[in-house]
Amino acid sequence: MIRLKVNGREENFNGDPDMPLLWYLRDAAGLTGTKFGCGMALCGACTVHKDGKPVRSCSVSMQAAAGSEITTIEGIPALHPVQKAWIEARVPQCGYCQSGQIMQAIALLETNKQPTDADIDQAMSGNICRCGTYQRIRAAIHQAAKEMA
């Protein structure tokens, strides 16, 4: 039996310990905000927080998630400053990558309250936006940092 906490709720999993956390979140827990992108931890669409750190849930097994606290986009309080900035800066186009982008941005701002453009570019480099909204993402992160200060 694998036990973990997802968005503050105790969860038990009795299946394949090698199953990716992403599939547990989407298929078993019904938390479909976390997206499947590449399945190889290269695009960032599946980014969630594991014990407060951003991880690619497609490459984290349920065994590796055992005993952890997992936060998905659904576990972020409504209109978190990053989400608010995302809306105001009109970041999303297709929207597919946005939950992963937002989760990565929140993790960045939790460790770096006033990131530079270079800090943002480095932290967000593993999150691909096929629509190319990188300048708006950077602007939204700066805006959220000001609001969070």
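Everything discussed here concerns the structure shown above.
Here is a short report on the structure shown in this document. (Residues numbered from 1 in each chain as written. Predicted model: local features only at pLDDT ≥ 70, side-chain atom pairs only at ≥ 80, totals over all residues. Heavy atoms only, no water.)

Turning our attention to the overall build of the protein. Each helix and strand in the protein was counted, giving six helices and five strands. Secondary structure elements of the protein occur, N-terminal to C-terminal, as β-β-α-β-β-α-β-α-α-α-α. In terms of overall size, the protein behaves like a compact globule, its C-alpha atoms giving a radius of gyration of 15 Å where 149 residues would be expected to give roughly 15 Å. Its C-alpha atoms put the protein at 45 × 30 × 25 Å along the principal axes. Residues counted as buried form 44% of the 149 residues belonging to the protein. Within the protein, residue pairs in contact and separated by at least 24 positions form 59% of the contacts whose partners lie at least 6 positions apart. (Helix = DSSP H or I, 4+ residues; strand = E, 2+ residues; numbered from the N terminus. Rg over C-alpha atoms; globule rule 2.2 N^0.38 Å. Buried < 20%, exposed > 50% of the residue type's maximum accessible area, 1.4 Å probe, protein only. Contact = heavy atoms within 4.5 Å.)

Before going further, it helps to spend a moment on the pairing of strand S3 (residues 47-50). Side-chain positions along a regular strand alternate between the two faces of the sheet. Relative to strand S4 (residues 53-56), S3 is paired through four bridges, and the arrangement is antiparallel. Directly across from His49, in S4, lies its bridge partner Pro54. Counting the residues that bridge the hairpin from S3 to S4 gives two residues, and of these Asp51 lies at a positive phi of roughly 50°. The sheet contact formed by S3 and strand S5 (residues 69-71) spans two bridges and is antiparallel. Looking across to S5, one finds that Lys50 is bridged to Ile70. (Pairing = 2+ DSSP bridges.)

On to the packing of aromatic side chains. Counting across every chain of the model gives two aromatic pairs. Centre to centre, the rings of Phe13 and Tyr24 are 5.5 Å apart; their planes meet at 80°, and the pair counts as edge-to-face. Within this pair, whereas Phe13 is found in strand S2 (residues 9-13), its partner Tyr24 is found in helix H1 (residues 21-28), the two being separated by eleven residues in sequence. (Phe/Tyr/Trp six-rings, centres within 6.5 Å; stacked < 30°, edge-to-face > 60°.)

Moving on, we get to the side chain of Ser57. Here Ser57 is to be found in the loop between S4 and helix H2 (62-65). On the basis of relative accessibility, which here comes to 0%, the residue Ser57 falls in the buried class. Among residues more than four places away in sequence, those in contact with Ser57 are Pro20, Leu21, Leu22, Leu25, Thr34, Cys46 and Val48.

This part takes up H1. Regarding H1, the residues found buried are Leu21, Leu22, Tyr24 and Leu25. Of the residues one or two after H1, Gly30 is the one with positive phi, at around 70°.

With that settled, consider the state of the cysteines. Counted by the stated rule, this structure contains zero disulfides. Its sulfur unpaired, Cys38 is 3.9 Å from the next cysteine sulfur, which belongs to Cys43. (Disulfide = S-S within 2.5 Å.)

With that settled, consider unusual backbone geometry. In this structure, Ala41 is a non-glycine residue whose phi angle is positive, near 65°. Here Ala41 lies in the loop between H1 and S3. Residues other than glycine seldom take positive phi values, yet Leu79 does so here, at roughly 55°. Tracing the sequence through the fold places Leu79 in the loop between S5 and helix H3 (81-88).

Any link to function would need more than the numbers given here.
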